[in-house]
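Listed below, chain by chain, are the residues.
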Amino acid sequence: MTETITNSCALIGRHIRHLTRTPEQLLSITLMPVVFVLVFGYLFGSAMQVPGGQSYQDYIMAGIFVQVVLGNMTLSSLGVISDLDNGLMDRFRSLPMSRSAVLIGRTTHDLILTVWCFILMSGIGYLIGWRVHEGVWSMLGGFGLMLLLGFATSWAGALLGLTLRSAEAVNALGAVIVMPLSFLSNAFIPLDGLPGWMRAIAEWNPVSPVVLACRKLFGNATPDTAGHAFPMQYPIPMAVILSVAMLAVVVPLTIRAYERAATKQ
């Protein structure tokens, strides 16, 4: 365990140093979230009606945060594929180091980038009218839930990259996974106006309880967003359970996939 922690910290530092030398990487990571905040906050905000008279700017921010978190999957996949293609995995395999540290370093680095995105998006959201109506600890709890989900999706992305080993395939499959999870949920629209069968699917979408939990912790939840499905009645515990369960499944699978991929190099 000590060796894994030490090796992971060294690799996280390596990724951060690489980022400081090529800061243009931040542009592609942060540009799209900022565009989403501006487009949904201004363009759709003037047309959308949220139950309870709440502003759409307050309603939408948790959904955009979670969509950025889901994007971690593609980010981690492409990072792992790049490490495979440029021979980095070969160099790590030749060193007396923990195998899991390579993946912990990659996923933690991607999580740090998510924190940077959250800070930037929060500032833009504040400018367009988004406000947190609960205390600081409640707000930090909301961001903590999203980062927990982001860590899980980063590991899932690493597994996807190690399995497919093709940037084109990852981009295509990532869009197929992320788009339905984002838009067939309560991330961008209230569920009250959906047909019954579609609302049932959206309520059981694992993204919906996470978004609702964050809205509650931010003080942005509307009075009638609970819904009748079990995940929507208990969004905060369900958000934690879903993320932890995802980690419990994908972490061992990803480590085994890395060992197989390293052997093939």
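Everything below is about the structure shown above.
How each quantity is defined
- All chains use their own residue numbering, which begins from 1 and follows the written sequence.
- It should be noted that, the model being predicted, local features are given only for residues of pLDDT at least 70 and side-chain atom pairs only at 80 or more, the latter also being counted only at that level, while totals for whole chains, interfaces and linings use all residues.
- Derived side-chain values reflect all non-hydrogen atoms in the structure, with water molecules and hydrogen atoms excluded from consideration.
- The criterion is simple. A nonpolar core is a set of buried Ala, Val, Leu, Ile, Met, Phe, Trp, Tyr and Cys residues joined through side-chain atoms within 4.5 Å.
- Relative accessibility decides the category of a residue: with a 1.4 Å probe and only protein chains considered, values under 20% of the type maximum give buried, values over 50% give exposed, and everything between is partly exposed.
- Secondary structure elements follow DSSP: runs of H or I of four or more residues count as helices, runs of E of two or more count as strands, with numbering from the N terminus.
- For this analysis, residues touch if any pair of their heavy atoms sits within 4.5 Å.
- Expected span of a helix: the number of residues minus one, times 1.5 Å.
- For patches, a residue must show more than 30% relative accessible area and have no salt bridge; joins then use 9 Å for like charges and 5 Å for nonpolar side chains, namely Val, Leu, Ile, Met, Phe, Trp and Tyr.
- To be clear on the numbers: accessible area is Shrake-Rupley with a 1.4 Å probe, and residue cover counts the displayed protein chains and nothing else.
- Here a salt bridge means any side-chain nitrogen of Lys or Arg lying within 4 Å of a carboxyl oxygen belonging to Asp or Glu.
- When charges are counted, neither His nor the chain ends are considered; positive counts come from Lys and Arg and negative counts from Asp and Glu.
- One atom stands in for each charge, and that atom is NZ of Lys, CZ of Arg, CG of Asp or CD of Glu.
- Within 3.5 Å is the distance limit for a polar contact, defined as a pair of N or O atoms, with the added protein rule that one can donate a hydrogen and the other accept it, and that residues adjacent in sequence qualify only through two side-chain atoms.
- Angular values range over 0 to 180 degrees, each being the angle between N-to-C directions of two axes fitted as lines to C-alpha atoms, with helices fitted over their stretch in contact.
- Angles are sorted into four bins: roughly parallel if under 35 degrees, roughly antiparallel if over 145, roughly perpendicular if 65 to 115, and oblique for all others.
- Each crossing is labelled by how the near helix is turned from the far one, with a counterclockwise turn of less than a right angle marking it left-handed and a clockwise turn marking it right-handed.
- For this classification, Asp, Glu, Lys and Arg are treated as charged, while Ala, Val, Leu, Ile, Met, Phe, Trp, Tyr, Cys and Pro are nonpolar and the rest, including Gly, are polar.

J.: Tell me about the nonpolar core, and name the residues and values.
T.: Counting 38 residues, the largest nonpolar core has Phe65 and Met146 as the members making the most contacts within it. Looking at this core, the elements with two or more residues in it are helix 2 (25-44), helix 3 (56-70), helix 6 (99-128), helix 7 (136-164) and helix 10 (207-218). No other element matches the 11 residues that helix 3 contributes to this core. Once you skip the residues sitting within four places of it in the chain, Phe65 turns out to touch Phe118, Met121, Ser122, Trp130, Phe143, Met146 and Phe218.

J.: How would you explain helix 10 if you had to name every residue and give the values?
T.: Here helix 10 is 12 residues long and its end C-alpha atoms lie 17 Å apart, about the 16 Å a rise of 1.5 Å per residue gives. Of all 12 residues making up helix 10, 11 are buried, and the element is well covered by its neighbours. Listing the buried residues of helix 10 in full gives Val207, Ser208, Pro209, Val210, Val211, Leu212, Ala213, Cys214, Arg215, Leu217 and Phe218.

J.: Describe a positive patch on the surface, with residues and values.
T.: Together, Arg14, Arg17, Arg21 and Arg91 make up a region of like positive charge exposed at the surface. No other element matches the 3 residues that helix 1 (residues 2-21) contributes to the positive patch. Relative to the elements of secondary structure, Arg21 occurs in helix 1. Residue classification places Arg21 among the exposed residues on the basis of a relative accessible area of 65%.

J.: How would you sum up the environment of Phe230? Please name residues and give values.
T.: Position of Phe230 among the secondary structure elements: in helix 11 (residues 230-233). Of the residues examined, Phe230 reaches a relative accessible area of 46% and is grouped as partly exposed. When the C-alpha positions of Phe230 and Glu203 are compared, they lie 8.5 Å apart, and in sequence the two are 27 residues distant. Once residues lying within four places of it in the same chain are set aside, the contact partners of Phe230 are Trp204 and Met238.

J.: Before we move on, can you summarise a nonpolar patch on the surface with the specific residues and values?
T.: Among the surface-exposed residues, Leu27, Leu31, Met32, Val35, Val39, Leu43 and Phe44 lie close enough to one another that they form a single nonpolar patch of about 630 Å² accessible area. By secondary structure assignment, the location of Val39 is in helix 2. Given a relative accessible area of 33%, Val39 falls into the partly exposed group.

J.: Go over the environment of Ser166 with me, naming the residues and quoting the values.
T.: Within the secondary structure layout, Ser166 lies in the loop between helix 7 and helix 8 (167-183). With 55 residues separating them in the primary sequence, Ser166 and Leu111 have C-alpha atoms 22 Å apart. At a separation of 3.3 Å, a polar atom in the side chain of Ser166 contacts the side chain of Glu168.

J.: Tell me about unusual backbone geometry, and please be specific about residues and values.
T.: With phi around 55°, Arg165 is a residue other than glycine that occupies positive phi space. You can see Arg165 is positioned in the loop between helix 7 and helix 8. Judged by relative accessible area, which is 35%, Arg165 ranks as partly exposed.

J.: Describe the pattern of salt bridges, and please don't skip the residues or the numbers.
T.: Under the counting rule described, the total for this entry stands at 2 salt bridges. With a shortest N-O distance of 2.9 Å, Glu203 and Arg199 are connected by a salt bridge. Of this pair, Glu203 and Arg199 are both found in helix 9 (residues 196-204), 4 residues apart, which corresponds to roughly one turn of the helix. Grouping residues by exposure puts Glu203 and Arg199 together as buried.

J.: An account of the packing of helix 7 against helix 10 is needed here, citing residue identities and associated values.
T.: Relative to each other, helix 7 and helix 10 sit at 160°, their axes nearing to 7 Å. Relative to helix 10, the element helix 7 lies roughly antiparallel. Helix 10 is crossed by helix 7, and the crossing has left-handed handedness. Residues Ser138, Met139, Gly141, Gly142, Phe143, Leu145, Met146 and Leu149 of helix 7 lie in contact with helix 10, whose contacting residues are Val210, Ala213, Cys214, Leu217 and Phe218. Taken together, the residues of the contact of helix 7 with helix 10 break down into 10 nonpolar, 3 polar and no charged.

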